Amino acid sequence: MKLRISRLFFFSVALLFLFNAATYAAHDEVPRVTIEELKKIIDTKADVVILDVQSKGVYDKGHIKGALSLPWVEELTDSAVKHLPRTKPIVAYCDCGPGETDSAGMAAQLIDMGFTEVKVLKDPSIRGWKKAGLPIE
């Protein structure tokens, strides 16, 4: 009986690992933009939407100047994104580390919803932005 439970547990953990790996890999296709590239976009006064997908509490403590708060959710709804322009460039960011898991997940959802120009701020993302002394509000 213990052997059967051990095997079931091992199988369950293996499936969970594979599911998480597939989820992470699924967001690799979302284009990344570096901190330097985003700074240039902002400096040229390009019409870009910057999305902070961290919790509202983290956003309120400091975010890239001009960024909108759209906290990460497992599944975006049309009502949550109705204020976002579908054809303007959007750059999402978080503080998740390599892979930019939360922002990449949100970006992938936006793309699936018909947003055409969505990118993710590449790691070190907001940490690197702050470290470089770039504008925060």
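Before reading on, note that the structure itself is shown above.
Trainee: What is the right way to look at the environment of Thr44 in this model?
Mentor: Residue position: Thr44 is located in the loop between α2 (35–43) and β2 (49–52). The exposure class assigned to Thr44 is exposed, which follows from its relative accessible area of 59%.

Trainee: It is not clear to me how the nonpolar core should be interpreted in this structure. Could you clarify?
Mentor: Generally speaking, nonpolar side chains in soluble globular proteins are found buried as a group. One finds Leu51, Leu70, Val81, Leu84, Ile90, Leu110 and Phe115 to be the most contacted residues of the largest nonpolar core, which totals 19 residues. Elements with a minimum of two residues in this core: β2, β4 (90–93), α5 (101–112) and β5 (118–121). With 5 residues, the single largest contributor to this core is α5. Beyond its immediate sequence surroundings of up to four residues, Leu70 is in contact with Leu51, Asp52, Val53, Leu76, Ala80, Val81, Leu84 and Met106. Counting 13 residues, the second largest nonpolar core, distinct from the first, contains Ile50, Leu121, Trp129 and Leu134.

Trainee: Is there a simple way to explain the environment of Glu117 in this structure?
Mentor: With respect to the secondary-structure elements, Glu117 resides in the loop between α5 and β5. Separated by 29 residues in sequence, Glu117 and Lys88 have C-alpha atoms that sit 6.4 Å apart. Once residues within four sequence positions are removed from consideration, Glu117 is found in contact with Thr87, Lys88, Pro89 and Ile90.

Trainee: What should I look at first to understand α5 in this one?
Mentor: Because each turn of an α-helix spans 3.6 residues, side chains separated by three or four positions end up pointing in the same direction. Helix length check: α5 (12 residues) gives 16 Å between terminal C-alpha atoms against 16 Å at 1.5 Å per residue, within 8%. The elements touched by buried residues of α5 are β1 (32–33), β2, α4 (78–81), β4 and β5. Immediately beyond the C-terminal end of α5, within one or two residues, lies Gly114, with a positive phi of roughly 105°.

Trainee: Is there a simple way to think about the pairing of β2 in this case?
Mentor: Each regular strand shows side chains that alternate between the opposite faces of the sheet. Neither face of β2 is exposed, since Val49 and Leu51 on one face and Ile50 and Asp52 on the opposite face are all buried. Here 4 bridges tie β2 to β4, and the two strands are oriented parallel to one another. Of the residues in β4, the one forming a bridge with Val49 is Ile90. Bridge count between β2 and strand β3 (residues 68–69): 2 bridges; the pairing is parallel. Bridge pairing in β3 places Leu51 opposite Leu68. In this view, the connection linking β2 to its parallel neighbour β3 by way of helix α3 (residues 56–61) has right-handed handedness.

Trainee: Can you walk me through the sheet that holds β3 in this structure?
Mentor: In a beta sheet, neighbouring strands are held together by backbone hydrogen bonds and run either parallel or antiparallel to one another. The sheet built from 5 strands is open, its strands ordered β1-β5-β4-β2-β3 with parallel pairing. Since the sheet does not close on itself, it has two edges, and those belong to β1 and β3, each with one partner. Where β4 and β5 come together, 3 bridges link them in parallel fashion. Bridging across to β5, Ala92 finds its partner in Val120. Relative to the sheet, α5 contacts β1, β2, β4 and β5, its axis offset from that of β5 by approximately 175°.

Rules of the game
- Residues numbered from 1 in each chain as written.
- Predicted model: local features only at pLDDT ≥ 70, side-chain atom pairs only at ≥ 80, totals over all residues.
- Heavy atoms only, no water.
- Helix = DSSP H or I, 4+ residues; strand = E, 2+ residues; numbered from the N terminus.
- Buried < 20%, exposed > 50% of the residue type's maximum accessible area, 1.4 Å probe, protein only.
- Core = buried A, V, L, I, M, F, W, Y, C linked by side-chain atoms within 4.5 Å.
- Contact = heavy atoms within 4.5 Å.
- Expected span 1.5 Å × (residues − 1).
- Pairing = 2+ DSSP bridges.
- Right-handed = clockwise from strand over helix to strand, strands pointing away.
- Axes fitted to C-alpha atoms, helices over the stretch in contact; angles between N-to-C directions.

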